[in-house]
Amino acid sequence: MPKEEREVRESVMASVTANNVRPMQVVATGYTAGVESTGKRPGHPQYGITYSGVKVRRDFVSTIAADPKVFPIGTVLYVPGYGYGIVADTGSKIKGKKIDLYFETRKQVFTQWGKRKVTVYVLKRGNGKLTEARLTQLNEAVTAEKTLPRALLES
C-alpha cells in the first residue's frame, strides 16, 4: 500500500475508533456516466447528473451510488482502495448492501476496481439531500494530511 494511502487509512481508522463508527461490509462495483451504466449518452440533458442533482465526479470526495435505505443521499463514506465518497446517486441494481463507485471510464472501472467485497466506514450519515455547494465544500476542505476536517463532517 502506498505511503499516502496508508496515512489516509490510518487517519480514517483513528476517526472511526474515536467515534465508535461501525464498519459495514458491502459489495462494491464501479460505474461511469456512460450508456453502459446509465443508459444516457453525451448530449442527453441528464448525462452525468446523479439522482441528487449533482454532477458525477472522481475527486478527493467522489460520487457513489447506493441504496438510500442503507446509505441515504449525502452519506460520507471511506472506501479502502478508493478513498472518500459521498452518496449522490441510486441505481436500479444497487439494492441493499451494495455500492457503485464512480470512475471516468469503463477501462478504469475494470482495471482499478472491478467487483469486490469491501468494508466501508460511514463518516457521516446523510439526510437525503446533496448540493453541488456541499460537494465542492468537502473537496476544497481537504487538509494537507489528505483527510476531511472533523468539523466539516459534523456540520
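Computed from a predicted structure; not experimentally measured.

(A) The arrangement of the pairing of strand 5 (residues 98-102) in detail. In terms of residue burial, strand 5 counts as a mostly covered element, since 4 of its 5 residues are buried. In this structure, strand 1 (residues 23-31) lies alongside strand 5, joined through 5 bridges in parallel fashion. Within strand 5, the residue paired with Tyr31 across the bridge is Tyr102. One ladder, built from 3 bridges, connects strand 2 (residues 61-66) with strand 5; its direction is antiparallel. Following the sheet pairing, Ala65 is matched in strand 5 by Asp100.

(B) Geometry of the pattern of salt bridges. In total, this model carries 1 salt bridge according to the counting rule given. Notably, a salt bridge pairs Arg57 with Glu132, separated by 2.4 Å at the nearest N-O pair. On the criterion of sequence distance, the pair formed by Arg57 in the loop between helix 2 (35-38) and strand 2 and Glu132 in helix 4 (residues 132-140) is long-range, its members being 75 residues apart. Assessed through its relative accessible area of 18%, Arg57 is described here as buried.

(C) Here's a closer look at the side chain of Thr63. Along the chain, the position of Thr63 falls in strand 2. Look past the residues within four positions of Thr63 in its chain and what remains in contact with it is Tyr31, Val54, Lys55, Val56, Arg57, Tyr82, Ile86, Ala88, Asp100, Leu101, Tyr102 and Leu135.

(D) Just the packing of aromatic side chains, in detail. Counted under the stated rule, the structure contains 5 aromatic pairs. Ring geometry for Tyr31 versus Tyr102: centroids 5.5 Å apart, planes at 70°, classification edge-to-face. Of the two residues, Tyr31 is situated in strand 1 and Tyr102 in strand 5; the sequence distance between them amounts to 71 residues. Measuring from ring centre to ring centre gives 5.3 Å for Tyr78 and Tyr84, while their planes differ by 65°; the resulting arrangement is edge-to-face. Judged by relative accessible area, Tyr78 falls into the buried class, the value being 3%. Take Tyr84: its relative accessible area is 4%, and that puts it in the buried class. An aromatic cluster is built from Phe60, Tyr78 and Tyr84, whose rings are joined through pairwise contacts. In this structure, Arg116 packs its charged tip against the face of Trp113, placed 3.6 Å from the ring centre.

Thresholds, definitions, all that
Residues numbered from 1 in each chain as written. Predicted model: local features only at pLDDT ≥ 70, side-chain atom pairs only at ≥ 80, totals over all residues. Heavy atoms only, no water. Buried < 20%, exposed > 50% of the residue type's maximum accessible area, 1.4 Å probe, protein only. Helix = DSSP H or I, 4+ residues; strand = E, 2+ residues; numbered from the N terminus. Pairing = 2+ DSSP bridges. Salt bridge = Lys/Arg side-chain N within 4 Å of Asp/Glu carboxyl O. Contact = heavy atoms within 4.5 Å. Phe/Tyr/Trp six-rings, centres within 6.5 Å; stacked < 30°, edge-to-face > 60°. Lys NZ or Arg CZ within 6 Å of the ring centre and 35° of its normal.

Shape is all these values report; function is a separate question.
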